[in-house]
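# Descriptive structure summary
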Amino acid sequence: MSDEPEPERTPQPAKPARRLDARSLRGLAHPLRMNIYELLSLDGPATATRLAERLVENTGTISWHLRHLAEHGFIEEETGRGTKRERWWKRVDVTNELNTADFRDDPDTRGALSVYLHELVQQYFSRVVNYISEDWDDRWRSAGTVSDWSDLRMTPSQLEALNAELMAVIARHTPAPDAEPAPDALPVVVQLQSFPRKERGTA
């Protein structure tokens, strides 16, 4: 066993980001489109046929939603792969940023925002349920965590600072896109939910 410290990882440059506006939010805020987008994000490129099989949907329906996602800039065709009849689709390599305050005074977008947030939380929940219901060996089971901390009291600026620090830690552990993964490495999902809770009295 070597006594030499592991080299410190350099945080990777952030991906290009775009702030979702009302039009792009409405383009994504649909349960099936969000499921399609999640599969392409987590598992990489796929065809309408493969997605239809996984989502137990009609291929034509999936194709329509794929075109809709592409129109709004969330996915794109993977060039040089597939045929005219069997197109491969992939997620656009951009980080989508959503600020709910942007839509606070826009009644026409409130419905889309509600659908988006509901489906997003449902996806997070489903990932955790899948993890705890699957059979993992002891190494992976002890490495994962489902934790919460409820004894913090913070101001908005303190909560923002906490989230920024956590994001920086994740960035330091994010490998470069061209890095060769270790032989025993698996994809890992890190979900972060931090939010204020309204105090409720006992009366």
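For the structure, see preceding data.
Before going into details, it helps to say that this report is about the structure given with it. Per-chain numbering applies: the sequence of each chain, read as written, is numbered from 1 onward. Only residues with pLDDT of 70 or above have their local features reported here, since the model is predicted, and side-chain atom pairs are shown and tallied only from 80 upward, although totals for entire chains, interfaces and linings are computed over all residues. As a convention, hydrogens and water are excluded, and side-chain values are obtained from all of the structure's heavy atoms.

All right, on to the pattern of salt bridges then. The working definition used for a salt bridge is a side-chain nitrogen of Lys or Arg within 4 Å of a carboxyl oxygen of Asp or Glu. This structure, assessed with the given rule, holds 9 salt bridges. The partner of Glu38 in a salt bridge is Arg127, with the nearest N and O atoms 2.9 Å apart. Taken together, the residues span a long stretch of sequence, with Glu38 in helix H2 (residues 31-43) and Arg127 in helix H5 (residues 107-133) at a distance of 89 residues. Summary of the burial criterion: residues with accessible area below 20% of their type's maximum are buried, those above 50% are exposed, and those between are partly exposed, where the area comes from a 1.4 Å probe applied to protein chains only. Arg127 gets classed as partly exposed once you look at its relative accessible area, which sits at 23%. Arg54 is the salt-bridge partner of Asp43, the closest N and O atoms lying 2.7 Å from each other. With Asp43 in helix H2 and Arg54 in helix H3 (residues 48-55), this residue pair connects regions lying 11 residues apart in the sequence. For Arg54, a relative accessible area of 52% gives the class exposed. By definition, any uninterrupted DSSP run of H or I lasting at least four residues is a helix, any uninterrupted run of E lasting at least two residues is a strand, and each is numbered from the N terminus.

Attention now moves to the sheet that holds strand S3 (residues 75-82). Strands sit in the order S2-S4-S3 across an open sheet of 3 strands; the sheet is antiparallel. The open sheet is flanked by strand S2 (46-47) and S3, the only strands paired with a single partner. In what follows, residue pairs with any heavy atoms lying within 4.5 Å of each other are defined as contacts. Note on geometry: axes are lines fitted to C-alpha atoms, helical ones only across the stretch in contact, with angles between N-to-C directions running from 0 to 180 degrees. Relative to the sheet, H2 contacts S2, S3 and strand S4 (87-91), its axis offset from that of S4 by approximately 80°. Between any two strands, at least two bridges found by DSSP are needed for them to pair.

The subject of this paragraph is the pairing of S4. A regular strand carries its side chains on alternate faces of the sheet. Across 2 bridges, the pairing between S2 and S4 is antiparallel. Across the sheet, residue Thr47 finds its bridge partner in S4, namely Trp88.

This next bit is on the packing of H2 against helix H4 (residues 59-71). Interhelical geometry of H2 versus H4 gives an angle of 75° and a closest axis separation of 10 Å. Between H2 and H4, the angle falls in the class roughly perpendicular. Counting all contacts with H2, which are made through Leu32, Arg33, Ile36, Tyr37 and Leu40, the residues of H4 involved are Thr61, Ile62, Trp64, His65, Leu66, His68 and Leu69. Throughout, the ten residues Ala, Val, Leu, Ile, Met, Phe, Trp, Tyr, Cys and Pro are labelled nonpolar, Asp, Glu, Lys and Arg are labelled charged, and all others, Gly among them, are labelled polar. Here the contact of H2 with H4 is composed, by residue class, of 8 nonpolar, 3 polar and 1 charged. Roughly parallel means an angle under 35 degrees; roughly antiparallel means over 145; roughly perpendicular covers 65 to 115; every other angle is labelled oblique.

Looking now at the nonpolar core. By nonpolar core is meant a set of buried Ala, Val, Leu, Ile, Met, Phe, Trp, Tyr and Cys residues that side-chain atoms within 4.5 Å join together. The biggest cluster of nonpolar side chains holds 25 residues, and the ones touching the most others in it are Ile36, Leu40, Leu51, Ile62, Leu66 and Ile75. Of all the secondary structure elements, the ones that give two or more residues to this core are helix H1 (22-28), H2, H3, H4 and H5. The dominant element in this core, judged by the number of residues it contributes, is H2, at 6 residues. Excluding residues within four positions of it along the chain, Leu51 makes contact with Ile36, Leu39, Leu40, Ala46, Ile62 and Leu66.

We now examine the packing of aromatic side chains. Ring pairs are drawn from Phe, Tyr and Trp, using the six-membered ring of Trp, whenever the two centres fall within 6.5 Å, and their geometry is named by plane angle: stacked under 30 degrees, edge-to-face over 60, tilted for the rest. Evaluated as defined, the whole model comprises 3 aromatic pairs. Relative to Phe74, the ring of Tyr37 has its centre 5.7 Å away and its plane inclined at 75°; by these criteria the two rings are edge-to-face. You can see Tyr37 sitting in helix H2 and its partner Phe74 sitting in the loop between H4 and S3, a full 37 residues away along the chain. Accessibility classification places Tyr37 together with Phe74 in one group, the buried group. With 6.4 Å between their ring centres and 45° between their planes, Tyr131 and Trp136 make a pair best called tilted. Counting every residue linked through ring pairs, the aromatic cluster contains Tyr131, Trp136 and Trp140.

Treat this as a map of the structure, not an account of what it does.
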